[in-house]
Each structure stands twice: as structure tokens, then as C-alpha cells.
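A structural walkthrough
The residues making up each chain are set out below.
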Amino acid sequence: MTAAEPIMATNVSRKDMASAIRFLAMDAVEKAKSGHPGMPMGMADVATVLFSDFLKFDAAAPDWPDRDRFVLSNGHGSMLLYALLYLTGYPGMSIDEIRNFRQLGSRTAGHPEYGHAAGIETTTGPLGQGLANAVGMALAERMLAARFGADVVDHYTYVFAGDGCLMEGISHEAISLAGHLRLAKLVVLFDDNAISIDGATSLTASDNQAARFRASGWHVQSIDGHDQGAIAAAIEAARGSDRPSMIACRTVIGYGAPNKQGSESTHGAPLGADEIAATREALGWRHEAFYVPDDILDAWRQIGCQNDGERAAWQARHDVLDEATREEFDRVVSGALPQDWHAALLALKRKIAAEQPKIATRQASKNTLDALSPAIPELAGGSADLTGSNLTKANGANPVTAEDASGRYIYYGVREHAMGAVMNGIALHGGFIPFGGTFLVFTDYCRPAIRLSALMGLRVIYVMTHDSIGLGEDGPTHQPVEHLASLRAIPGLRVYRPCDATETAECWALALEAENAPSVLALTRQGVPSVRKSFTADNLCAKGAYVLAEADGPRRATLIATGSEVAIALAARETLQAGGIGAAVVSAPCLEIFEAQDDAYKASVLGEGGLRVAIEAASPMGWDRFIAPDGIFVGMRSFGASAPADALYEHFGITPAGVVDAVKARL
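Conventions used here
- Residues numbered from 1 in each chain as written.
- Predicted model: local features only at pLDDT ≥ 70, side-chain atom pairs only at ≥ 80, totals over all residues.
- Heavy atoms only, no water.
- Helix = DSSP H or I, 4+ residues; strand = E, 2+ residues; numbered from the N terminus.
- Rg over C-alpha atoms; globule rule 2.2 N^0.38 Å.
- Buried < 20%, exposed > 50% of the residue type's maximum accessible area, 1.4 Å probe, protein only.
- Contact = heavy atoms within 4.5 Å.
- 1 Å grid on protein atoms, 1.4 Å probe; cavity = no way out; pocket = protein on both sides within 12 Å on 5 of 7 lines; lining within 4 Å.
- Points joined across faces, edges and corners; volume = space filled by probe spheres on them.
- Nonpolar A, V, L, I, M, F, W, Y, C, P; charged D, E, K, R; others polar.
- Pairing = 2+ DSSP bridges.
- Axes fitted to C-alpha atoms, helices over the stretch in contact; angles between N-to-C directions.
- pLDDT = per-residue confidence, 0-100.
- Phe/Tyr/Trp six-rings, centres within 6.5 Å; stacked < 30°, edge-to-face > 60°.
- Lys NZ or Arg CZ within 6 Å of the ring centre and 35° of its normal.
- Expected span 1.5 Å × (residues − 1).
- Arc of directions from axis to C-beta.
- Polar contact = N/O pair within 3.5 Å; in protein donor to acceptor, adjacent residues only side chain to side chain.
- Salt bridge = Lys/Arg side-chain N within 4 Å of Asp/Glu carboxyl O.
- Disulfide = S-S within 2.5 Å.
- Parallel < 35°, antiparallel > 145°, perpendicular 65-115°, else oblique.
- Left-handed = near helix turned anticlockwise from the far one by under 90°.

1. Here we look at the overall build of the chain
Of regular secondary structure, the chain possesses 26 helices and 20 strands. For 667 residues, the compact-globule estimate of 2.2 N^0.38 gives 26 Å, and the C-alpha radius of gyration of the chain, at 28 Å, lies within 12% of that figure. Expressed as lengths along the three principal axes of its C-alpha atoms, the size of the chain is roughly 90 × 55 × 45 Å. Looking at the 667 residues of the chain, the share that counts as buried comes to 61%. Across the chain, contacts joining residues at least 24 apart in sequence account for 78% of those joining residues at least 6 apart.

This is how it looks when you write it as C-alpha cells:
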């Protein structure tokens, strides 16, 4: 079949099929009185060719593991995706959902949201994120194929991206990484319409995008985005390249609107009833709003099922895999952990209890990875050029390279933002549990990706080391102060700050078990003593906080600490007890989990009555919910300074003596 031929021997033209996308988009935006009609109208021809002739999918089986992935990075044009899902017959995407675009409770949110409807591969809207997600999906495809073979893993990732996506800094990071790894099954279709919200892109940019992609090692083509034959030929050439491909599709934003096409007025506002009527006349679409004639809808529905034979053939290849391989493939794609992985965790905890090491929790994290990686082969780690500092490379984890994707370690380079978004793409694709490291202060660089991890409920693990002034001499540029509070403010994100090697292992276990939540592991640079003195099979961190040391006698003060400050709390407790003040120490490695516990458990941990003291070398923001109204906070109220760690803790009063003095002054 060529792009110019009618679909499956019907008399429906590709022009009419593209018009169905355009008019569903403009009608939905008009009814909502909100949205972005211009991009769907401009890219309708490209979408028609891609879905008709190239995209391997089966609308009846939206979770088919070997489907091609389609990512709408310029997510403001969401009606393009929703129209395609409706037209091709995805379950749950009815014409009523199209009518309810941008309304409360609808599947058709203003920007595509993962989980709202089958066929939405990722949440997009923040520009550039989808492009980087697509890099992660293409990388996951290559790694999974290296493990299980092309008979069951052999698909492409296609992404629509606009001028805004390519202006965002994350695009540079993602494009560079994809080119370096030569992700040949990644195809970017650039909506090169030269328009942004403010007007012509020439107001703000004069980049040569084709040259930019070529410089990063991509295969590049430039075409007329309304010439369906040229579109098909370009996609075919891209699929034949041994490099990732970018096709610059010169389009007219708002194509077909006689008075507004080609201008910013079609970008982010309804066309208006008069312009829609004029567009119907101009494109020969003489149908009422939201109506798609049966022959056109039937042609699209045939496209939605035209790969059912390919899916059946894939299923046959899958079913003849040897039993162990088939079961392992199904397990990792489903996201289930191996049945016996806890044995490795318990063995590690016994070893820690016996040896009582005084080590940094970043080193404890490395030891945990060394223990768990053989038991959980889908763990796929990496670091943003800080492998030796983050200690994220487990023993035996070989690097993923352009020549060999069988490894499990990704050198992300100094690309923190892309690292987060690529990990989101890996998690969305399935088959791996991604984790990646940098310094905690640099969560500022990848925060948008972390936020989207939480919004989508993805199991992505951020290993963030050098978690406080305890990193010492690098000074306030590298010492996180406000970061724990800002991360804890993200709904659905779990922030773990373990106090010793045992808690680090337990927090890793909780992060791995959280299939629908991302995690941040905030880990120390400096050594910390083992405070858990005996082995227990139970995960004491599982409720977020627990009593580590109860008061001898009536509890007059409760010292609540996280991470490296737990040892400070224990030392302060000894002094207080010696002075006749009963004090308990609570270790609170994850405040989000603790806050979700029932009131009875929280009261048993925090104590009823008595003074509550929070101790954390970070901002006090967020602690009032646990120590208010009369509690004390011992921590940071300013930026740090450049000095050895011990001197900094003394300077800022985060010491056992500082805690004791604060308690005595209040009592």
C-alpha cells in the first residue's frame, strides 16, 4: 500500500481521513471554549500517514508489549491524539468523550494524561518532556530486545514534537543522548510550522534545527508536511536508517482555516463559529459538529485492526519461547518483582547487623544494589556523570553502549533533566525498573521530570546523594537546604532519608515495592554509625517512622530525626536521660508514608503530650504538621557554608548539645 492509495479498497481518500481529525479537533475545542486546534489541524496529514501505513498497533489490544509507541510531545495538541484514538476504535474513547473535551472527569483532559485512556503512552504538556520520554522508550526497547531477542521485542517509537519542544533545554540533552546511543528505532516528526504563542518563531529563535540534529548524529530529512506521499517516503527512509531520525515536516498551523491558518491565532484558542463554518466550506466537509460519516469512520476502524494478524503472529512467537524465558519476559513486562528477591535483602540485613558498619548511606546504597541486582535483573541504573560519587553502579553492571545494549548501566552524562525524563520513558515502556543518581541539590535540574513521575505514578527511583551540609567543603552551591521540603511537597512522591545501612536497605525495598509511586533516596556523603543494633526480618521503615529508642521512664520529649541527624538525636537522648528527662527517639525515614498511617499509630510513635523536637539539617518547612503547636525545630534556617562537615554542624547548632539546650530551655 502507498500513501496515495485508498484504504483497504474503500473509496475514502486520505484527504477526508485527515479532515476527520481536523474537524473533531476544532469542534471539541470550540465546544470547550478552550484548547489548541492549530497543531492537530496542521499535523493531521502526517498523523494519517503514520497511523495508516506505519504504526504497528492494535486498538483492541492497547497494551500489546510489542506495539509501536506514539508520543505526542507537544501535548497541547491533545485533540489530535484523542481524535486518533476515537477514530481507530480504542476502548473507552467514545464520541461523547470527544464532546467532553477538557471537562471534569472526562478521559480527554486538556493535555494527555497517562492512565486516563488506553493509547495515551505518557503524560505530556510541559514541552520537551515527551521527546525525552520517547528516548527512554526507544532505549528500553533496545535493551529489552538485547535480553529477549527481536522475535518478541521489535518496535519503533514515534514522537510528534513542535517548535516549543525543541526550544526547551531538555530537548538538547535528550537529542544528544539518543544520537550518542544511536537509537535507530526512534523517529521524531517535527511540526515545523514556525509559529509559537507569541507569533512567528523568528521573534525568538533562528536555530537551524536540521543542522542541530545532524550535529548530534541523527538522520535528518525535511519535507512538505501536507504531501502525504512525501511523508510516507520520509518515514520509510527513517526506518531504514541506523541512527535516530528527525523529519522536519513543514506544516501550516490551523491548516484549512481560510482566515486564520498560518497564524498564532489558531494556536491556543477556539477558531470561532464563523471560522469553523468557513473551514468546512474550504475543505469540503459538509457535516455537522462531531459527526464522522460512516465510510470514513469505517476506514479508520479498519486501520485500528489492520495489525491484528501481526499481533497474532507475535503471540505465536511468544508462546513458543522456552518456558523459563517466556515467564521471565511476562514477569518483567508486568512489573512484578521476582518471587525470591527478599532472600537477598534479608541476607544483607543480617550482614549489616553482624558488622555494624559506619559508612555513608550512599555506600550503603551501593552495597544494597550489589546485593539486589543479581536477584532483580530488570534493575537498570545510571548517573548524571557522578557514578563515583552517587555509587549507583552495581558490581557486574555493564554499560549500555551504541554497540551493545545488553548492559544495565546508563551513563547519562551531565544531563540531569533528560535523565529523569528518560527514566520515565523506560518505566512507561516496561521491562525495567529505572534508577538514576545525581546530587540532591541538582533535583532542581530534574524537578519537572520528577513531578511527572509522581503525576503518572511511575516506579522511578532517584538516588540523590550529598544530602545536606554534611557534604562539607563544596559549600552552599552544592548543599541542599530547601530541597527535602520542596520534594516532599510533590503529591505522590516518596522521599526517603535513611539513617544507616539497615534503613538504606529497607528504604530501597520500599521503593522497589512501590509499583505506582516514584521515590527519592536522599543519601549522605559522610559516614554515619549503625543505629539499628540487631537483625529483624520486619521492615521497620514500612510505616514511615518508628520509635528507635523509647524513653526510660515517662516520655517528656520526643526527638524526631531523619538521616544523619538520627545519631545526633540518640546522643542527645543519652544526655537528657542522664539529666532526668525522659526522651524517646523516632527515626522518620519517610514522612509521606508516616503521614498516611492511622491516628493511633502516629500517636503511639509521636507520643501524646510532651515536647516534640524535629532534627534535620534542612529547612523547617513541613515539620509543623508533626511538632506543632509548641514543638522545636533544630536544623537549617539559611544557606550553608564551605567548611568541613563537623565544623558546619557545630556552626549551625545541629549537635547533641544544641538539641539538649533547646529541650532544657523549653522544659
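Additional details are given in the paragraphs that follow.
2. Focus on the layout of surface pockets
Taken as a whole, the largest pocket encloses approximately 650 Å³ of empty space. In terms of lining, the largest pocket is formed by 32 residues, of which the most central are Tyr 114, Val 333, Ala 427, Leu 428 and Gly 430. Looking at the lining of the largest pocket, the elements with two or more residues in it are helix H13 (323-334), helix H17 (416-429) and strand S11 (433-439). Considered class by class, the residues forming the lining of the largest pocket number 16 nonpolar, nine polar and seven charged.

3. Thoughts on the sheet that holds strand S1 (residues 69-72)
Two strands in a sheet stick together by hydrogen bonds in their backbones, pointing the same way (parallel) or opposite ways (antiparallel). Ordered by their spatial adjacency, five strands build an open sheet running S1-S2-S3-S7-S6, and the pairing between neighbours is parallel. One side of each edge strand has no neighbouring strand; the edge strands of this open sheet are S1 and strand S6 (219-224). In this sheet, neighbouring strand axes are inclined to one another by 20 degrees on average, regardless of whether the strands run parallel or antiparallel. The sheet contact formed by strand S3 (residues 186-192) and strand S7 (residues 245-250) spans six bridges and is parallel. Bridging from a neighbouring strand, Asp 191 pairs with Cys 249 of S7. Of the strands in this sheet, S1 and strand S2 (157-162) are in contact with helix H3 (residues 78-88), which crosses S1 at around 145 degrees. Contacts from helix H5 (residues 129-148) reach S1, S2 and S3 within the one sheet, and its direction differs from that of S2 by about 165 degrees.

4. A word on the confidence of the model for the chain
Close reading of the predicted structure is inappropriate where its pLDDT is low. Per-residue confidence for the chain gives a mean pLDDT of 97, with 99% of residues at or over 70. This stretch, residues 1-9, has a pLDDT under 50; its non-local contacts, to residues over four places away or in other chains, come to 21 contacts.

5. Some points on the packing of aromatic side chains
Aromatic ring pairs: the centre-centre distance and the angle between the two ring planes describe each pair. Evaluation of the coordinates by the stated rule reveals 17 aromatic pairs. With a centroid separation of 6.0 Å and 5 degrees between ring planes, the pair formed by Phe 57 and Tyr 90 is classed as stacked. In this pair, Phe 57 sits in the loop between helix H2 (38-54) and S1 while Tyr 90 sits in the loop between H3 and helix H4 (95-99), placing the two residues 33 residues apart along the sequence. The residues Phe 57 and Tyr 90 share a single accessibility class, namely buried. Between Phe 70 and Phe 160 the ring centres are 4.9 Å apart and the planes differ by 85 degrees, which places this aromatic pair in the edge-to-face class. Taken together, the residues Phe 70 in strand S1 and Phe 160 in strand S2 connect sequence positions 90 residues apart. Comparing Phe 70 with Phe 160 shows no difference in burial state: the two are buried. For the cation-ring pair, Arg 239 lies above Tyr 156, with the distance from its terminal atom to the ring centre recorded as 4.5 Å. Lying across the ring of Tyr 601, Lys 543 places its NZ or CZ 4.6 Å from the centre.

6. Topic: the sheet that holds strand S10 (residues 409-411)
Spatial strand order, S10-S9-S11-S12-S14-S13: six strands in an open sheet with parallel pairing. What marks the edges here is a single partner per strand, and that holds for S10 and strand S13 (494-496). Going from strand to strand, the sheet's axes swing by 20 degrees on average, the running direction of each strand aside. Helix H15 (residues 361-372) rests against strand S9 (379-383), S11, strand S12 (461-465) and strand S14 (519-523) of the sheet, and its axis sits at about 130 degrees to S14.

7. Things to note about helix H9 (residues 228-239)
For H9, with twelve residues, the first-to-last C-alpha span of 17 Å sits near the 16 Å given by 1.5 Å per residue. Considered for burial, the residues of H9 that qualify are Gln 228, Ile 231, Ala 232, Ala 234, Ile 235 and Ala 238. Along H9, the residues classed as buried sweep out an arc of 165 degrees about the axis, all on the same side. Looking at the buried positions of H9, the neighbouring elements they touch are helix H1 (14-32), H2, S2, S3, S6 and S7. With a side-chain oxygen lying 3.1 Å from the backbone nitrogen of Gly 229, the N-terminal cap of H9 falls on Asp 227.

8. Re the pattern of salt bridges
In this structure the tally under the stated criterion is 30 salt bridges. For Lys 351, the salt bridge goes to Glu 355, with nearest N and O atoms at 3.2 Å. Of this pair, Lys 351 and Glu 355 both sit in helix H14 (residues 341-355), four residues apart, roughly one helical turn. Accessibility expressed as a relative area gives 47% for Lys 351, which makes it partly exposed. Put simply, Glu 506 and Arg 532 hold a salt bridge, and the shortest N to O gap is 2.7 Å. You can see Glu 506 sitting in helix H20 (residues 501-513) and its partner Arg 532 sitting in the loop between strand S15 (527-528) and strand S16 (546-549), a full 26 residues away along the chain. When sorted by exposure, Glu 506 lands in the same class as Arg 532, which is buried. Three or more residues joined by partner-sharing salt bridges are found here, namely Arg 147, Glu 328, Arg 331 and Glu 378.

9. Brief notes about unusual backbone geometry
Omega for the bond connecting Ala 628 with Pro 629 falls within 30 degrees of zero, at 5 degrees, which places this linkage in the cis form. Summarising the element assignment, Pro 629 is placed in the loop between helix H24 (624-627) and strand S20 (632-635). Of note, Phe 290 is a non-glycine position whose phi angle comes to about 70 degrees, a positive value. Position of Phe 290 relative to the elements: it lies in the loop between helix H10 (273-283) and helix H11 (294-305). With phi around 65 degrees, Asp 385 is a residue other than glycine that occupies positive phi space.

10. Side note on the state of the cysteines
Evaluation of the coordinates by the stated rule reveals zero disulfides. Cysteine Cys 499 shares no disulfide, and the gap to the nearest cysteine sulfur, in Cys 541, comes to 7.2 Å. Taking relative accessible area as the criterion, Cys 499 reaches 3% and is therefore assigned buried.

11. A few points about the packing of H2 against H3
In helix packing, the relevant descriptors are the interaxial angle and the interaxial distance, both defined with respect to the helix axes. Between H2 and H3, the shortest axis-to-axis distance is 10 Å and the interhelical angle comes to 40 degrees. With respect to each other, H2 and H3 are oriented oblique. Seen along the crossing, H2 lies across H3 with a hand that is right-handed. When H2 is examined against H3, the residues Met 39, Pro 40, Met 43, Ala 44, Ala 47 and Phe 51 are found in contact with a partner set consisting of Met 79, Leu 80, Leu 84 and Thr 88. Here the residues of the contact of H2 with H3 sort into nine nonpolar, one polar and no charged.

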